[in-house]
Structures are given as structure tokens and as C-alpha cells.
Amino acid sequence: MLETIISSTTGESFTLINSLLVIGTSIILGILISVVYMKTHEKDNFNSGFSTTLIMLPVIISIIILLVGNNVARAFSLAGAFSIIRFRSAPGDPKDIAYIFFTLAIGLTCGMGYITYAVLFTLILSAVMIGLHMTKFAEPKNKTMQLKITIPENLNYEGVFEEVLDNYTNSYSIQRVRTRDFGSLFELTYTISLKANSNQKSFMDELRCRNGNLNITLTLANTNYGDN
């Protein structure tokens, strides 16, 4: 009876077994994509919610394709329903966006009944993502970081830190100088590229000897130099 309901509803040759095969394959491939995502983001503290979304997306898309079939009116109805959805979150990592398109493509392929192609595409793209992660493709060899040095107002900072920066960095440039604590302190902001073998603790210790042991902050580069 359930097969009759599915056939009469979709108007297609999809049977209950075919529909379950499509949904089951979508779930398995979604899990595989999610595992690949987690493996390639281990050092980045991957988002557990996003990894769950990667499992659900292929299933949702494949179900939508099963429901739409070749019915144009139904396709326009679904398009109208989804047009009211608004995504207000900020754009994420471009790699995460690529994973979203990955899952959408697999969901479409499964929903259209091309199970073999969906499995093949998933294996190929997963191998590509893992290969790029293991070879660290396109990752910069030198880390660009932001250095903030606090100095007393009576210290002439010009030429004070250049010797230390030359020893520990490949390149550096001063981005901003501002006063703090009602003008009693200055804060210097540098963008630096640390040498591969640089010892960060020794680097900061030498800087502390020249700034009167005031605050020094070393973080990953950030182009936002607003007050924070």
C-alpha cells in the first residue's frame, strides 16, 4: 500500500525500495563527507553542528528531488516555499562553503537516481580533499602574525625593536601607533612574518627587555585595527 501511495504521489517509477535506497545512500554518503570534513579540520576545532548539517543536507535534497520529480507546478511551489527562508549568519570559511556545495551536488545526484555516480563522485572528491589537507596545499610557509607592544610614553620607540625583529622575523611593518591610559602609554601594532625556526618565548623575552616589561601580545594576523 505504501508503494502505491508513493507512486501516486510522485507520479514517477520510484518504488518504496528505490526511495529507501536513495535516502539510505544519501545518509551514508553524508556521513562519509562529514567524516572527511572533521578529519581535514582537526586542528581548526571543527564545528560539530556543521558536521551534522553535512549529513542532513544530502538527505533533504534527495527527498526534495524525489517529491518534485518531473512535476513543474510542484517544483515552483517548493521554490516559493524555500524563498521565504533567510540565512542571517555571516559567511564562513570558503572551504566550508565548498563542503556545502559538495553535499548539495551529492543530494541532487542521489535524488535523480544516479546512485553509482553519487558514490563515485563522493569517493573522488573526498580523496581530493584529504590529499590537499595532507599535502598542506596552498598553506603559507610563514605565519603572518600581529604583534602589539606597549611602551611608556617617555620611550622613543623608533629603532628600539628593529634589531630583535630582524633576528626573529622574515619581514615586519608597523601598522598603527596609538596612546593608551590617558597618554601615559603607547601601543605599537606590527604585522610580522616569523621565521620558521623562531622561538616565540625568546622573541617575546627580548622585546620585554626593551619595553620595560609592559604588555606584549602576539596573535594571528588580523586586518581589523579598531579599538578592542
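A short tour of the structure in this document, coming up. If you're wondering where the values come from, they're calculated on a predicted model, not measured in any experiment. (Residues numbered from 1 in each chain as written. Predicted model: local features only at pLDDT ≥ 70, side-chain atom pairs only at ≥ 80, totals over all residues. Heavy atoms only, no water.)

1. Observations concerning the packing of aromatic side chains
Reasoning step 1: Applying the stated criterion across every chain, the model contains five aromatic pairs.
Reasoning step 2: Seen in terms of ring centroids, Y114 and Y117 are 6.0 Å apart; in terms of plane orientation they differ by 75 degrees. Their pairing is edge-to-face.
Reasoning step 3: The partly exposed category is assigned to Y117, whose relative accessible area is 48%.
Reasoning step 4: On the numbers, 5.2 Å between centres and 40 degrees between planes, the contact of Y168 with F203 is tilted. Taken together, the positions of Y168 in helix α7 (residues 162–168) and F203 in helix α8 (residues 200–208) put the pair 35 residues apart, joining distant regions of the chain. Both residues of the pair, Y168 and F203, count as buried.
Reasoning step 5: An aromatic cluster is defined as three or more aromatic residues linked by ring pairs; in this entry it consists of Y37, F50 and Y99. (Phe/Tyr/Trp six-rings, centres within 6.5 Å; stacked < 30°, edge-to-face > 60°. Buried < 20%, exposed > 50% of the residue type's maximum accessible area, 1.4 Å probe, protein only. Helix = DSSP H or I, 4+ residues; strand = E, 2+ residues; numbered from the N terminus.)

2. Describing the nonpolar core
Reasoning step 1: By size, the foremost hydrophobic cluster in this structure holds 17 residues, and its most contacted members are L147, I149, F161, Y190, I192, F203 and L207.
Reasoning step 2: For this core, the secondary structure elements donating two or more residues are β1 (144–152), α7, β3 (185–194), α8 and β4 (216–220).
Reasoning step 3: What L207 contacts, discounting residues up to four positions off in sequence, is L147, I149, F161, V164 and I216.
Reasoning step 4: Grouped together as the second largest cluster of nonpolar side chains are 14 residues, V22, Y37, L66 and I106 included. (Core = buried A, V, L, I, M, F, W, Y, C linked by side-chain atoms within 4.5 Å. Contact = heavy atoms within 4.5 Å.)

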